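Read off the chains here:
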Amino acid sequence: MSSSSPPSDPAQKRDSACKMSSSSPPSDPSDPAKKRDSALGEALPQKPLRPIELDSALGEAIRQKASELHSSVATPSSKGLDPYALSFEDLYGLSLKGLKTLKMGIEDSGSVDLFKNFPQCLFYCTLFPLGYEFEKDTLIQLWMAEGLIEERTNERLEDTGSIVFHSFVSKGIIVPLSCDFNDGRPKYKVSDNNISNLQRFSSNGYLLVEDVVPGFKLSDKWGDTSQLSHLSLHGKIDLITFEAIKKCEYLRTLLINPCHDSCIKLVPRDLFLRLNLLRALKLSQTHISQLPSSIGNVKSLRYIDVSKTPIITLPESIGSLHNLQTLKLRGCTCFVALPKGMKNLTKLRHLDLDIVGQLSSMPPGMGNLINLQNLSGFIVDRHDGFHICELKNLNNLRGEICISRLERVPNSEEAMEAALLNKNYLNKLELRWSDLRDEEAEVEEGILECLRPHSGLKELHILFYGGSKLPSWFGHPSFADLAVITLYKFKNCQFLPCLGELPSLKFLYIAEMNTVSEVDYRFCRNREDQGHHAFPKLEILKFDVMLKLEGWMGVQNGDFPSLVKLTLVYCPKLSTLPTLSCLNSLKHLEIKYCPKLISMPNEGLPSSLEFLLIKDCPGLKEQYSKGKGQDWCKIAHVPSIWVDNQEISAT
């Protein structure tokens, strides 16, 4: 191998890779491609790049290695080589020796499309300080912004990124933590041991500074800032810090992580006039209330995170960021409106914002965003550009969506145009009318009939519906994955729909259906003599505020075989319960504010019951009073009994 080849000793490689470079910037700084190194180009010493000279035997060995790696990725069930089993030293060595040859020799075959950016995905993690918690989607979106996740046939960028991410998890590079208490989203961190290894092997394009103080000078940490590509700052960020950042003209990633007493309230206007190669910008948890309009100058931006800031609006110039993939605004409690130019962001894939909770209206033309995959809500309006039919072509939507102000949908034809049936990747759907309005029962019935979701839906919540009956598709057993249903404040429905045939339903919450006077066999099955067991997987059932409900009947032996918890709250007219003794899985029973309920069913309570709570039910309290009540023996076997906030021991 010629003398121009990288040093063969691993220690020399690390020293060379971590050494600060004083070389000049690329000859053509206007071309981002010249600045962007190949998958391990940034791991090489910063000197003029030229093909690595390899003898034919080594070159063939590397090609064979890559082919084995690809076979292992393409067929996970195979017993081939694990593409992510390499040590840091192996990974770094293979990258230095072979990546250039791999790119020249077999990149065109697509056989290493997953592997070739694997090292840079690792090095990107060096921007996170020790113990820093992040979400899976955040890291994948940052990888995407940097172009490290490449398009694969019939596969989303996010799915490809997920393969790499979970490989890091399986090898202990990334460690799962508990879910966030506020939003339930899983958190991760880079392994404490691995992060130091990563920082040793990371190229000199990445810089993490954890101890930023007022007056911080970037040049103290990094000599030639023109060589800096990815910068992560943690600490007390101030305007002097931004002055230093302006000199990083080739910067592609800027992650600002202020400490609690940091007071960043504005971003200098000229910052975005200098950083015109920036791809990822994180300003979350700062105190900024606005972004300067000059941000529209950074056409390369793909990722913007201003979550958990007091930002009120975004500048209209955001609409000129045609490459933007991710926009994060969750937790911005002062935020009131998206810019009108949102319709121009046709590459936008992730809009992280509590739309229904934070906005009063949508920007026009959201239907243009056909690549959008996360849209938490859509607020219907009657004006052009705001109709529900804007959802028609948004068939890549995933996760959950709440469609609100449905009273503004004029007819079933327009509801049909929303094409919810084609949103095959949605897991959770909430359909919401406004509470205080004049209901048009027949119109709303037709609209809900046409808002049928795909049959793979997992959660369905319907609020403030004004129709007198539910649609034909509701409760159909073809919804085989439907596990959670909420029916809230239906003002005109006199009967509960048949939901007992749903094979996967686990949680059912029914509240304020105040025109329902009786729950009968139709709740469990379409015909009274039908032989199947109703609600085969239901674990939790709650009736909450049913003002006219007088009786519940129609439960047959074998129904509710999985029911663990049953709750009845504020049913002031309820006097009859179905047989409960056959509910062999029931462990938790609560009955509150049901004054007309004076006794349990004659058969008593199931032997499986472990907890019984009775509150503000004077008839039950008297009947089941310990030692005095006529039917105390029917509940004496329950280990934990509470009556009006007092525990009654059976012994």
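Residues numbered from 1 in each chain as written. Predicted model: local features only at pLDDT ≥ 70, side-chain atom pairs only at ≥ 80, totals over all residues. Heavy atoms only, no water.

**Re the packing of helix α6 (residues 136-145) against helix α7 (residues 157-170)**
Then comes step 1: In contact at an axis separation of 9 Å, α6 and α7 are set at 120° when each is read in the N-to-C sense. The hand of the α6/α7 crossing is right-handed. On α7, the residues that touch K136, L139, I140, W143 and M144 of α6 are L157, E158, G161, S162, V164, F165, H166 and F168. (Axes fitted to C-alpha atoms, helices over the stretch in contact; angles between N-to-C directions. Helix = DSSP H or I, 4+ residues; strand = E, 2+ residues; numbered from the N terminus. Left-handed = near helix turned anticlockwise from the far one by under 90°. Contact = heavy atoms within 4.5 Å.)

**Some points on a nonpolar patch on the surface**
Then comes step 1: On the surface, L547, Y570 and Y593 cluster together to form a nonpolar patch covering roughly 260 Å² of accessible area.
Then comes step 2: Relative accessible area serves as the criterion here: at 39%, Y570 is assigned to the partly exposed category. (Patch = residues over 30% accessible without salt bridge, like charges linked within 9 Å, V, L, I, M, F, W, Y side chains within 5 Å. Areas by Shrake-Rupley, 256 points an atom, 1.4 Å probe, with all protein chains shown as cover. Salt bridge = Lys/Arg side-chain N within 4 Å of Asp/Glu carboxyl O. Buried < 20%, exposed > 50% of the residue type's maximum accessible area, 1.4 Å probe, protein only.)

**Brief notes about α7**
Residues separated by three or four positions in an α-helix point in the same direction, a consequence of the helix having 3.6 residues per turn.
Then comes step 1: For α7, which comprises 14 residues, the first-to-last C-alpha distance of 20 Å matches the rise-based estimate of 20 Å (1.5 Å per residue) to within 8%.
Then comes step 2: Considered for burial, the residues of α7 that qualify are L157, E158, T160, G161, S162, V164, F165, S167 and F168.
Then comes step 3: In this structure, the buried residues of α7 make contact with α5 (118-124), α6, β1 (174-179), β2 (186-190) and β9 (350-352).
Then comes step 4: Downstream of α7 by a residue or two, G172 has a phi angle that is positive, lying close to 80°. (Expected span 1.5 Å × (residues − 1).)

**Considering the pairing of strand β16 (residues 507-511)**
Then comes step 1: Pairing geometry for strand β15 (residues 484-488) and β16, over five bridges, is parallel. Bridging from a neighbouring strand, I485 pairs with L508 of β16.
Then comes step 2: As paired strands, β16 and strand β18 (residues 540-544) are joined by five bridges and run parallel to one another. Looking at β18, one finds that I510 is bridged to F543. (Pairing = 2+ DSSP bridges.)

**Some thoughts on the side chain of D559**
Then comes step 1: On the secondary structure map, D559 appears in the loop between β19 (551-552) and β20 (565-569).
Then comes step 2: Of note is the side chain of D559, whose polar atom sits 2.6 Å from the side chain of R525.
Then comes step 3: Setting aside residues no more than four positions away along its own chain, D559 makes contact with C524, R525, H532, H533, A534, G554 and L583. (Polar contact = N/O pair within 3.5 Å; in protein donor to acceptor, adjacent residues only side chain to side chain.)

**Regarding the pattern of salt bridges**
Side chains that carry opposite charge are capable of pairing whenever their charged atoms lie near each other.
Then comes step 1: Under the criterion given, the structure shown has 24 salt bridges.
Then comes step 2: The closest approach of N and O atoms between R432 and E430, which form a salt bridge, is 2.5 Å.
Then comes step 3: On the basis of relative accessible area, R432 is assigned to the partly exposed category, the value being 27%.
Then comes step 4: Residue classification places E430 among the buried residues on the basis of a relative accessible area of 15%.
Then comes step 5: A salt bridge links E590 to K592; the nearest nitrogen and oxygen atoms lie 3.3 Å apart.
Then comes step 6: Look at the salt bridges and you will find they share partners, linking E135, R185, K187, R330 and D352 into a network.

**Some remarks on the sheet that holds strand β7 (residues 303-305)**
Then comes step 1: In space, the eight strands of this open sheet follow the order β3-β4-β5-β6-β7-β8-β9-β10, with parallel pairing throughout. Two strands lie at the open edges of the sheet, namely β3 (206-212) and β10 (374-375), each paired on one side alone.
Then comes step 2: Sheet analysis places strand β6 (residues 280-282) next to β7, joined by three bridges and oriented parallel. Counted as the bridge partner of K282 is D305 from β7.
Then comes step 3: With respect to the sheet, α6 is in contact with β5 (253-258), β6, β7, β8 (326-328) and β9, its orientation differing from that of β7 by roughly 140°.

**What about the confidence of the model for the protein?**
Then comes step 1: For the protein, the mean per-residue pLDDT works out to 82, and 78% of the residues sit at or above 70.
Then comes step 2: For residues 1-63, every residue scores under 50 in pLDDT, and the model assigns this stretch 113 contacts once sequence neighbours within four places are set aside.
Then comes step 3: Contacts from residues 92-112, a stretch scored under 50 in pLDDT, to residues over four places away or in other chains number 54 contacts. (pLDDT = per-residue confidence, 0-100.)

**Some details on the layout of surface pockets**
Then comes step 1: Estimates place the volume of the largest pocket at around 1200 Å³.
Then comes step 2: The wall of the largest pocket is formed by 43 residues, among which D137, R185, N374, G399 and E400 lie closest to the centre.
Then comes step 3: Going through the elements one at a time, α6, α7, β2, β9, α12 (355-358), β10, β12 (399-404) and β13 (426-432) are the ones with two or more residues in the lining of the largest pocket.
Then comes step 4: It is β13 that provides the largest number of residues to the lining of the largest pocket, a total of five residues.
Then comes step 5: A breakdown of the residues in the lining of the largest pocket according to their chemical character gives 14 nonpolar, 10 polar and 19 charged. (1 Å grid on protein atoms, 1.4 Å probe; cavity = no way out; pocket = protein on both sides within 12 Å on 5 of 7 lines; lining within 4 Å. Points joined across faces, edges and corners; volume = space filled by probe spheres on them. Nonpolar A, V, L, I, M, F, W, Y, C, P; charged D, E, K, R; others polar.)

**Side note on α6**
Then comes step 1: Judged by how many residues are buried, α6 sits mostly within the fold: eight of 10 residues are covered.
Then comes step 2: One or two residues past the end of α6 sits G147, with phi positive at roughly 80°.

**Describing the packing of aromatic side chains**
Then comes step 1: Under the counting rule described, the total for this entry stands at 16 aromatic pairs.
Then comes step 2: A ring pair is formed by Y465 and F490, whose centres lie 5.4 Å apart and whose planes are at 70°; its orientation type is edge-to-face. One end of the pair, Y465, is in the loop between β14 (459-463) and β15; the other, F490, is in the loop between β15 and β16, with 25 residues separating them in the sequence. This pair shows no difference in class: Y465 is buried, exactly as F490 is.
Then comes step 3: Ring centres of W473 and F474 lie 5.8 Å apart, and the angle between their planes is 65°; this geometry places the pair in the edge-to-face category.
Then comes step 4: Given a relative accessible area of 2%, W473 falls into the buried group. (Phe/Tyr/Trp six-rings, centres within 6.5 Å; stacked < 30°, edge-to-face > 60°.)

**Section: the pairing of β18**
Then comes step 1: Pairing of β18 with β20 involves five bridges; the strand directions are parallel. Residue pairing across strands places D544 opposite V569, the latter belonging to β20.

**A look at the sheet that holds β15**
What holds strands together in a sheet is hydrogen bonding between their backbones, with the strands either parallel or antiparallel.
Then comes step 1: A sheet is described by the order of its strands in space; here 12 strands give the open sequence β11-β12-β13-β14-β15-β16-β18-β20-β21-β22-β23-β24, paired in mixed fashion. Bordering the open sheet on either side are β11 (377-379) and β24 (646-648), each of which pairs with just one other strand. Across the sheet, the mean angle from the axis of one strand to that of its neighbour is 10°, orientation sign disregarded.
Then comes step 2: Bridge count between β20 and strand β21 (residues 588-592): five bridges; the pairing is parallel. Its bridge partner being in β21, K565 is matched across the sheet by H588.

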